[in-house]
Amino acid sequence: MIPFNAPPVVGTELEYMQSAMESGKLCGDGGFTRRCQQWLEQHFGSKKVLLTPSCTASLEMAAMLIDIQPGDEVIMPSYTFVSTANAFVLRGATIVFVDIRPDTMNIDETRIEAAITAKTRAIVPVHYAGVACDMDVIMALAEKYKLYVIEDAAQGVMSNWRGKALGSIGHIGCFSFHETKNYTAGGEGGATLINDKSLVERAEIIREKGTNRSQFFRGQVDKYTWRDIGSSYLMSDIQAAYLWAQLDAATRINQQRLHLWQRYYDALQPIAASGRITLPSVPPQCRHNAHMFYIKLRDEEDRAALIRWLKEAEILAVFHYIPLHSSPAGQRFGRFDGEDRYTTVESERLLRLPLFYNLSENNHNTVLNSLLSFFS
Ligand SMILES: *Cc1c(COP(=O)(O)O)cnc(C)c1O
């Protein structure tokens, strides 16, 4: 069976994890956490990066940091993972869903302004497949209406928009190091990028259970106390050691993923040219990270037929994101602003193909041949 995904392994993970064990400090903010955070700050140009247990935790931290209150409204696409919305719902917010663009499956930046009300506090762009949302338009709207921008860059590690790393453009950015993402911290993990300097001090407090323990460890205060709301949002140093192995090999992982992505693209181009399928599109301002390779079939039935075909060839292909506004919780906690022209129909056509660092050339050829024979 060719799986849809396998967690990336580069080979140095065990050695670094062993070294974390020998350091005598396994809890958060140990040596590997510091190394990873510095690497992320330097490579992505963020003021402060804090490792967390997951992107979900990072999004929750972000909602606390910008002080979301019951009744506040937060704008985001409906075509996203539940955590994008849940983090804000936990603080009592109402989610306002906006339609997506069919070319990138990202929030349609031209429909955001109409969704802004006096209650709007934040916009949450989700960089689907590691392809950037139009951050120029989104940041300009945020400035005009005094809103926060929280980037859900779970899929966007190593991608950029006009040369700026995804996650480093909004006030706060959130990364995922889940095993289904490009880099993993041993299965689960995340990072919060604090790009607005005024939010850094409080971010450290929220992450440390609401205490100023980080300042205490730096010798800035002589005792630490309960200062604010917060939770346990630190990553274990064992996980940071695994992540360090992956960041150390980030360029290699990125190049290999881009190589596989391009092979799919080139092989399927003639089928797309005949109008049979639609291929992903990457706007010229964006350099992507090959987080995902998807195709769009004619409709849901066509997609189901291809999934069955691939399954018979022992290949797993999957789709995801039942639009949040059609889910029971989405209806309870949110509303869709404007018309759903693309979110539902486009999500029903989309199919994700196997793409992961350790996918062998042989297995990739098997997938490609099976796809080509389906379409012939
Ligand atoms: C994976 C993902 C998340 C959640 O990440 P975790 O690290 O699993 O919490 C959130 N948003 C998007 C868009 C994702 O793809």
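All values derive from a computational prediction rather than experimental measurement.

1. Here's the deal with the overall build of the protein chain
Across its full length, the protein chain carries 13 helices and 13 strands. Compactness check: the protein chain gives a C-alpha radius of gyration of 21 Å against a globular reference of 21 Å for 376 residues, within 12% of the reference. The C-alpha extent of the protein chain, read off along each of the three principal axes, is 70 × 55 × 35 Å. Relative to its 376 residues, the protein chain shows a buried fraction of 56%.

2. Quick notes on the environment of Arg332
Secondary-structure assignment places Arg332 in helix α11 (residues 328-333). Exposure remark for Arg332: the relative accessible area of 67% places this residue in the exposed category.

3. Focus: helix α2 (residues 31-44)
When the terminal C-alpha atoms of α2 are compared, their 20 Å separation across 14 residues agrees well with the 20 Å that a helix rising 1.5 Å per residue should span. By the burial criterion, the buried members of α2 are Phe32, Thr33, Cys36, Gln37, Trp39, Leu40 and Phe44. Burial along α2 is one-sided: seen end-on, the buried residues are contained in an arc of 160 degrees. The outward face of α2, more than 90 degrees from its buried face, is lined by the exposed residues Arg34 and Gln42. Following α2 by one or two positions, Gly45 adopts a phi angle in the positive range, close to 65 degrees.

4. What to know about the site of the ligand
Lining the immediate surroundings of the ligand are 15 residues, of which Thr56, Asp152, Gln155, Ser176 and Lys181 lie closest. Here Asp152 contributes a side-chain N or O atom positioned 2.8 Å from a nitrogen atom of the ligand. In the model, an oxygen atom of the ligand is placed 3.4 Å from a nitrogen or oxygen of the Tyr321 side chain. Relative to its free-state accessible area of 380 Å², the ligand is covered by the protein chains to the extent of 92%. Among the residues making up the shell around the ligand, the classes are represented as five nonpolar, eight polar and two charged.

5. Looking at the UniProt feature "modified residue: N6-(pyridoxal phosphate)lysine" (unreviewed entry) in the protein chain
Under the present numbering, the feature "modified residue: N6-(pyridoxal phosphate)lysine" (unreviewed entry) in UniProt falls on Lys181. With respect to the secondary-structure elements, Lys181 resides in the loop between β8 (172-176) and β9 (190-194). On the accessibility criterion, Lys181 (16% relative accessible area) is buried. Residues in contact with Lys181, not counting those within four places in the same chain, are Pro8, Ala154, Gln155, Ser176, Arg257 and His291.

6. What to know about the pairing of strand β1 (residues 48-52)
When you tally the buried positions in β1, you get five out of five residues, the bulk of the element. Burial along β1 is two-sided: Lys48, Leu50 and Thr52 facing one way and Val49 and Leu51 facing the other are all buried. Judged from the five bridges that link them, β1 and β9 form a sheet pairing that is antiparallel. In the strand pairing of β9, Thr52 is matched with Gly190.

7. Structural notes on the packing of helix α3 (residues 55-65) against helix α4 (residues 82-89)
Put simply, α3 and α4 touch, their axes get as near as 8 Å, and they point 35 degrees apart. Considering only the axes of α3 and α4, their crossing is right-handed. Counting all contacts with α3, which are made through Thr56, Leu59, Glu60 and Ala63, the residues of α4 involved are Ser83, Thr84, Ala87 and Phe88. Considered class by class, the residues forming the contact of α3 with α4 number four nonpolar, three polar and one charged.

8. Quick look at the packing of aromatic side chains
Applying the stated criterion to the full structure yields 15 aromatic pairs. On the numbers, 5.4 Å between centres and 55 degrees between planes, the contact of Phe216 with Tyr224 is tilted. Here Phe216 falls in the partly exposed class, since its relative accessible area comes to 31%. Taking relative accessible area as the criterion, Tyr224 reaches 38% and is therefore assigned partly exposed. Against the face of Phe217 rests Lys25, its NZ or CZ located 6.0 Å from the ring centre. Here Arg303 stacks its cationic end above the ring of Phe319, 3.6 Å away from the centre of that ring.

9. A few points about the packing of α3 against helix α6 (residues 200-207)
It is the contact of α3 with α6, at a shortest axis distance of 10 Å, that shows an interaxial angle of 125 degrees. It follows that α3 is oblique to α6 by the angle criterion. Once α3 is placed against α6, the crossing between them reads as right-handed. Between α3, through Met61, Met64 and Leu65, and α6, the contact on the second element is made entirely by Arg202, Ala203, Ile206 and Arg207. In the contact of α3 with α6, the residues fall into five nonpolar, no polar and two charged.

Rules behind the numbers
- Residues numbered from 1 in each chain as written.
- Predicted model: local features only at pLDDT ≥ 70, side-chain atom pairs only at ≥ 80, totals over all residues.
- Heavy atoms only, no water.
- Helix = DSSP H or I, 4+ residues; strand = E, 2+ residues; numbered from the N terminus.
- Rg over C-alpha atoms; globule rule 2.2 N^0.38 Å.
- Buried < 20%, exposed > 50% of the residue type's maximum accessible area, 1.4 Å probe, protein only.
- Expected span 1.5 Å × (residues − 1).
- Arc of directions from axis to C-beta.
- Near = heavy atom within 4 Å.
- Polar contact = N/O pair within 3.5 Å; in protein donor to acceptor, adjacent residues only side chain to side chain.
- Areas by Shrake-Rupley, 256 points an atom, 1.4 Å probe, with all protein chains shown as cover.
- Nonpolar A, V, L, I, M, F, W, Y, C, P; charged D, E, K, R; others polar.
- UniProt positions renumbered as here; feature names shortened; annotations may be inferred.
- Contact = heavy atoms within 4.5 Å.
- Pairing = 2+ DSSP bridges.
- Axes fitted to C-alpha atoms, helices over the stretch in contact; angles between N-to-C directions.
- Left-handed = near helix turned anticlockwise from the far one by under 90°.
- Phe/Tyr/Trp six-rings, centres within 6.5 Å; stacked < 30°, edge-to-face > 60°.
- Lys NZ or Arg CZ within 6 Å of the ring centre and 35° of its normal.
- Parallel < 35°, antiparallel > 145°, perpendicular 65-115°, else oblique.

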